[in-house]
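Structural features, examined
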Amino acid sequence: MLRRALLPARRMARALSTDMGATTHFGSREVPVEDKARLVGEVFHGVADNYDRMNDVLSLGVHRCWKDAFVAALHPQPGAAFLDVAGGTGDIAFRLVDRLQAAARADGEPSAVMVLDINSSMLKVGEERAAERYGALPSSG
């Protein structure tokens, strides 16, 4: 019942945002709603090469602690498959790979760790880091 009520409300909101020139916040300015996704994408394309360093500075390194805690809570086991959605440069995926390699069994049960991100620049940085860290990467398709 609730879902039926939400669908017309979403359609109405979408129609109003395009028909009335709706705006939204982007930093300290107002921008057209339809421009926001592109602007956010441009920001991530622009910072991709320094994203991990920025996380270190802005969080005083605390982001590493919560990422370690997150992966530890997952308790990854050999043979498992993981998809890191919005994985950016791969920080969490690298932690998963390291844990899986440390727990690898003699039977060699394969594991998989994949990173998905909408921003190609962030993925490129992650691919470069992975190649430096682990050598050649398997083809993505």
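Described below are features of the structure shown in this document. Given the structure is predicted, the values throughout are model-derived calculations rather than measurements.

**Let's talk about the packing of helix α3 (residues 51-59) against helix α4 (residues 62-74)**
Where α3 meets α4, the axes come as close as 7 Å, and the angle between the chain directions of the two elements is 105 degrees. Considering their axes alone, α3 and α4 lie roughly perpendicular with respect to each other. Here α3 contributes D52, N55, D56 and S59 to the contact with α4, which in turn contributes V62, H63, R64 and K67. Its residues placed into classes, the contact of α3 with α4 shows one nonpolar, three polar and four charged.

**Structural notes on the side chain of D84**
Mapping D84 onto the fold places it in strand β3 (residues 81-85). Despite its burial, D84 pairs with no opposite charge, the nearest such side chain being K67 at 8.4 Å. Setting aside residues no more than four positions away along its own chain, D84 makes contact with I92, A93, M114, V115 and L116.

**Digging into the packing of aromatic side chains**
A complete count under the given rule lists two aromatic pairs for this structure. Both rings, one in F44 and one in Y51, keep their centres 6.0 Å apart while their planes meet at 45 degrees; by these two values the pair is tilted. On the basis of relative accessible area, Y51 is assigned to the partly exposed category, the value being 24%.

**A short note on the pattern of salt bridges**
On inspection of all chains with the given rule, the structure shows eight salt bridges. We note a salt bridge from D68 to R95, for which the minimum N-O separation is 2.6 Å. With D68 in helix α4 and R95 in helix α5 (residues 91-102), this residue pair connects regions lying 27 residues apart in the sequence. E128 is the partner of K124 in a salt bridge, and the nearest nitrogen-oxygen pair spans 2.9 Å. Taken as a pair, K124 and E128 lie in helix α6 (residues 120-134) at a separation of four residues, close to a single helical turn. Here the residues in one salt-bridge network are D52, K67, D91 and R129, joined through shared partners.

Analysis parameters
Residues numbered from 1 in each chain as written. Predicted model: local features only at pLDDT ≥ 70, side-chain atom pairs only at ≥ 80, totals over all residues. Heavy atoms only, no water. Axes fitted to C-alpha atoms, helices over the stretch in contact; angles between N-to-C directions. Helix = DSSP H or I, 4+ residues; strand = E, 2+ residues; numbered from the N terminus. Parallel < 35°, antiparallel > 145°, perpendicular 65-115°, else oblique. Contact = heavy atoms within 4.5 Å. Nonpolar A, V, L, I, M, F, W, Y, C, P; charged D, E, K, R; others polar. Buried < 20%, exposed > 50% of the residue type's maximum accessible area, 1.4 Å probe, protein only. Lys, Arg positive; Asp, Glu negative; His and termini not counted. Salt bridge = Lys/Arg side-chain N within 4 Å of Asp/Glu carboxyl O. Phe/Tyr/Trp six-rings, centres within 6.5 Å; stacked < 30°, edge-to-face > 60°.

Geometric descriptors of this kind do not, in isolation, establish any biological role.
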